[in-house]
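# Observations on the model geometry
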Amino acid sequence: MQSRVVHKICLAVAAAGVALMAANPAYAADKIGVSMPNIKGPWFTPVLFGISDEAKKLGYEVTIQDAGGYANVDKQVSQFANLVVQKVSAILIDPANPASFNGAVREAKGEKIPVIGAGSPIVASDVAADAAASSSHCNIGHELAKGAKILLPNGGTIAVLAGPPGAFWASDRLRCFKEDLAGSNLKIVAEQTSEQDPAIALSLANDLLQRFPDVNILYGADDTYGVGAARAAQGAQKCGKVKILFAVLGEAAEEMMRAGCADYVVAQQPVVIGRTAVRLMDAIVKGKPLPSKSVEVPLIPVTMANLNSVDKAGMQAPKGWTP
Amino acid sequence: MTLSKKPQGRDESRVKPRAFLQRYGREIGLPIIVVLMVMAFSVSSPVFMSLPNIRNIGVSAAALAAVSFGQTFAILTAGLDLSVGAIVALVSIVGALVMREHGVAAGLAASLAVGAAVGLVNGLVISRFKVFPFIATLAMMSIVSGLALSVSGGVAVTGVPESFSSLAYARTFGVPIPVVIAVAALAGCIVVLRYTKLGRRIYAVGGNEEAARLSGISIGTVKIAAYVLSGLCASVGSLILTSRVASGQPSLGATLPLESVAAVVLGGVSLFGGRGSVVGVAFGVLFISILSNGLNLLNVPSYTQMMIIGGALILAVSLDQIFIGAKAGKRN
């Protein structure tokens, strides 16, 4: 009986080997690599849709590498090195932390592989990107501060869901948000980082509402945190009483806004960012001149007043699309 | 008589390969699978066997290898060290801060000291307060992660000396330095486990704690030493990663606790302790690293990769159990 099981397992291993051998060799002259700290969620999915769709139009094959979270910086560096080894035509990257990519990006440049920021203006702290398409995280912070002032013209208190610990994008947004609030009558009473997980964000927002029942605004670093905050306000029947302010307009964020539980969203255009990054890459690969090495894709403040009129094609991937 | 003997002889000759498999299956199974996997990926991807890719696999595997070798000590005592990822993060931050202020040598010393210190606390909590290793190291993971984030303020520590950060990309005789460090760690662990009293005692404590105690072995001291070694190896892994990312990262090594346990189990070390070798663990590390690299080269989506790696782990452990069962059956 045991030998039969061993035999079957050996057959399964052999079959898996044959299947791997039969797999399509992913090696083509016009292959581009994409290195992301994460590929799920309302930010990365539309960026990847923009990249994939535009690359397909321009005749590129896309290899996407997913590090599985902002905490896995080392894994993203390894995956980036994998793309260099494959000698892809170009690499599009949103680095989990640019300070970690100096060596890896230098190696890519040594192999004459252009490196383009897709969602980040920089690819490594000490090595310049060949081009980049992004919305500045600092500008998002400024726009969020503008939103806070519009929501509370007479001042008030803010509790901050600051984003993942150690994530530079979240720190940049908050830093610039705080810079604009300095000297105003808006005061931050609480600030917490947490994993980028909707359930954890919801728990954290619930805790903040318990601790500060009279808080006027909940700030979310992006819509994972923002939607968590909106759901907490909904659960506490405080929609409209506690204003919810955050970045990125995904489908869930749109739903919460229609329910009256999200008040001001600084919407980025991730699909446009992805498409622009590919166009920049294409120009570099084909040796065409670039109008600008760094393209800043505009931010769109969204409230209930303009929710129906804004063009969401640049913000969200088609329903059901997955990377 | 003659008639009864003939079939027996035929049976014996037929049984031989199976008997060989039962005797050596656990030792040679994984290396054979690794070789088959290398062959499969070589056929599927023209880049797989290229020198840059082999170097790339080596560099990616080096940190996991160092951490897994340390994890082996903990598991051989029938324990577990879930704090290795957090140790990697704390060592990364402390090492980067000290290196920035006082130079590379001081940073290296501080890194190793921090890893050993956390291991010492783990060992003391487990042996003196009789806390289950799973709980003790889980709690320590949380404490040490929080400490790493507090010390760094939640942001990366930059300004690491270039003489250190360039190590991850340097080579000696064509071999990347991280690989050399991992091989040195492997050699050190082999020496400790095979040729020292401590190594034999670690196996004895993991194999049968009561028997080890009755034979005069100080169980607590052996366990403390095992966790200190685990912490030290995690420090080595952290230094490799910190050099690679050229900065102290408070979230470094998040996936290492599970990956290192997977590598150790794949390498044939029993989760019940007392059985297995660090060479097997090296093959476990190779298995995970080659599988991940090969699947990336084949452009297999990351979600599918997660399923394949999980499935491979179950398959390996099932095979292990079958071989153990087959051996036990043969003895009975």
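Residues numbered from 1 in each chain as written. Chains lettered and ligands numbered in written order. Predicted model: local features only at pLDDT ≥ 70, side-chain atom pairs only at ≥ 80, totals over all residues.

### Quick look at the overall build of chain A
Using the following cut-off: Every helix listed is a DSSP run of H or I at least four residues long, and every strand listed is a run of E at least two residues long, numbered separately from the N terminus. Radius of gyration here is computed from C-alpha atoms only, and the compact-globule reference equals 2.2 Å multiplied by the residue count raised to the power 0.38. Here a residue counts as buried when 20 or more other C-beta atoms fall within 10 Å of its C-beta, as exposed when 12 or fewer do, and as partly exposed in between; the C-beta atoms come from the backbone. Think of it this way: build a C-beta for each residue from its backbone, and any pair within 7 Å is a contact.
Broken down by element type, chain A carries ten helices and twelve strands. By the compact-globule yardstick of 20 Å for 323 residues, chain A fits well, its C-alpha radius of gyration being 22 Å. Judged by the C-alpha coordinates and their principal axes, chain A covers about 65 × 65 × 35 Å. When burial is assessed residue by residue, chain A has 56% of its 323 residues classed as buried. In chain A, once contacts between residues fewer than 6 apart in sequence are set aside, the share between residues at least 24 apart is 74%.

### Some remarks on the sheet that holds strand E11 (residues 294-296) of chain A
Residues and elements named next belong to chain A. For the record, the criterion: Any two strands are treated as partners once DSSP identifies two or more bridges connecting them. Interaxial angle, 0 to 180 degrees, is taken between N-to-C directions of lines fitted to C-alpha atoms, where a helix line uses only the stretch in contact.
If you walk across this open sheet you meet the six strands as E2-E1-E3-E4-E5-E11, and the pairing is parallel. Only two strands of the sheet have a single partner each, and these edge strands are strand E2 (61-66) and E11. Going across the sheet, the axis of each strand differs from the next one's by a mean of 15°, ignoring polarity. In this sheet, strand E4 (residues 115-118) lies alongside strand E3 (residues 90-93) in parallel orientation, the contact comprising three bridges. For Leu92, the partnering residue across the bridge sits in E4 and is Ile116.

### Quick word on the sheet that holds strand E7 (residues 186-192) of chain A
All names here are of chain A. Across the sheet, six strands lie side by side as E7-E6-E8-E9-E10-E12; this open sheet has mixed pairing. Edge strands, defined here as strands with exactly one partner in the open sheet, are E7 and strand E12 (300-302). Adjacent strand axes in the sheet meet at a mean angle of 20°, parallel and antiparallel pairs treated alike. As paired strands, strand E6 (residues 156-161) and E7 are joined by six bridges and run parallel to one another.

### Observations regarding the interface of chain B and chain A
The partner chain A presents 42 residues to the 46 residues of chain B that form the contact. Those elements that provide at least two residues to the side of chain B that touches chain A are helix H1 (2-44), helix H2 (51-76), helix H10 (219-245), helix H12 (278-297) and helix H13 (302-331) of chain B. Among the elements that make up the side of chain B that touches chain A, the one with the highest residue count is H1(B) (seven residues).

### Overview of the environment of Gly253(B)
All names here are of chain B. Counting through the fold element by element, Gly253 comes out in the loop between H10 and helix H11 (256-266). Here the alpha-carbon distance between Gly253 and Ala234, two residues 19 residues apart in the chain, equals 9.5 Å. Ignoring anything within four residues of it in the chain, the contact list for Gly253 reads Gly85, Val88, Ala89, Ser238 and Leu241.

### With respect to the nonpolar core
Spelled out, the test is: By our criterion, buried Ala, Val, Leu, Ile, Met, Phe, Trp, Tyr and Cys residues that link up through C-beta atoms within 7 Å make up a nonpolar core.
Membership of the largest hydrophobic core comes to 204 residues, with the highest contact counts inside it found for Leu92(A), Ile116(A), Leu161(A), Leu218(A) and Ala66(B). A total of 15 residues in this core trace back to one element, the largest contributor, which is H10(B). Not counting residues within four places of it along the chain, the set of residues in contact with Ile116(A) comprises Ala90(A), Leu92(A), Ala129(A), Asp130(A), Ala131(A), Ala132(A), Ala277(A), Leu280(A) and Met281(A).

### Description of the confidence of the model for chain B
Where we set the bar: The predictor attaches a confidence to each residue, called pLDDT, with possible values from 0 through 100.
Counting all residues, the mean pLDDT for chain B is 88, and 89% of those residues have values of 70 or more. Quick note on the complex model: pTM equals 0.79, ipTM equals 0.72.

### Things to note about the pairing of strand E1 (residues 31-36) of chain A
When a strand is regular, its side chains alternate between the sheet's two faces. Residue and element names in this part refer to chain A. Selection criterion: The definition of a right-handed crossover adopted here requires that, viewed with the strands pointing away, the path from the first strand over the helix to the second runs clockwise.
Among the six residues of E1, five are classified as buried, and the element is accordingly described as predominantly covered. Sheet analysis places E1 next to E2, joined by six bridges and oriented parallel. Paired with Ser35 across the strands is Gln65, a residue of E2. Regarding topology, helix H2 (residues 44-58) serves as the crossover connection from E1 to the parallel E2, and that connection is right-handed. Two elements, E1 and E3, share four bridges in a ladder whose sense is parallel.

### With respect to unusual backbone geometry
Residues and elements named next belong to chain A. Look at Lys112: it is not a glycine, yet its phi comes out positive at around 60°. Residue placement: Lys112 occurs in the loop between helix H4 (102-110) and E4. Owing to 7 C-beta atoms within 10 Å, Lys112 belongs among the exposed residues under this scheme. Despite not being glycine, Val248 has its phi angle at roughly 80°, a positive value. Checked against the element boundaries, Val248 lands in the loop between strand E9 (243-247) and helix H9 (251-258).

### Quick notes on helix H7 (residues 177-195) of chain B
Residues and elements named next belong to chain B. Heads up, the rule is: Here the expected span of a helix is defined as 1.5 Å times the quantity of residues minus one. This arc describes the spread of directions from the helix axis toward the C-beta atoms.
If you check H7, its first and last C-alpha atoms are 26 Å apart, about what 19 residues at 1.5 Å a residue would give, namely 27 Å. Three or more residues of H7 are buried, namely Pro178, Val179, Ile181, Ala182, Ala185, Cys189 and Leu193. Each buried residue of H7 lies within a common arc of 160° when the element is viewed along its axis, so the set occupies one face. Pointing more than 90 degrees away from the buried face of H7 are the exposed residues Ala184, Ala187, Val191 and Tyr195. Where H7 is buried, its residues touch H2, strand E2 (175-176), helix H8 (197-207), H10 and H12.

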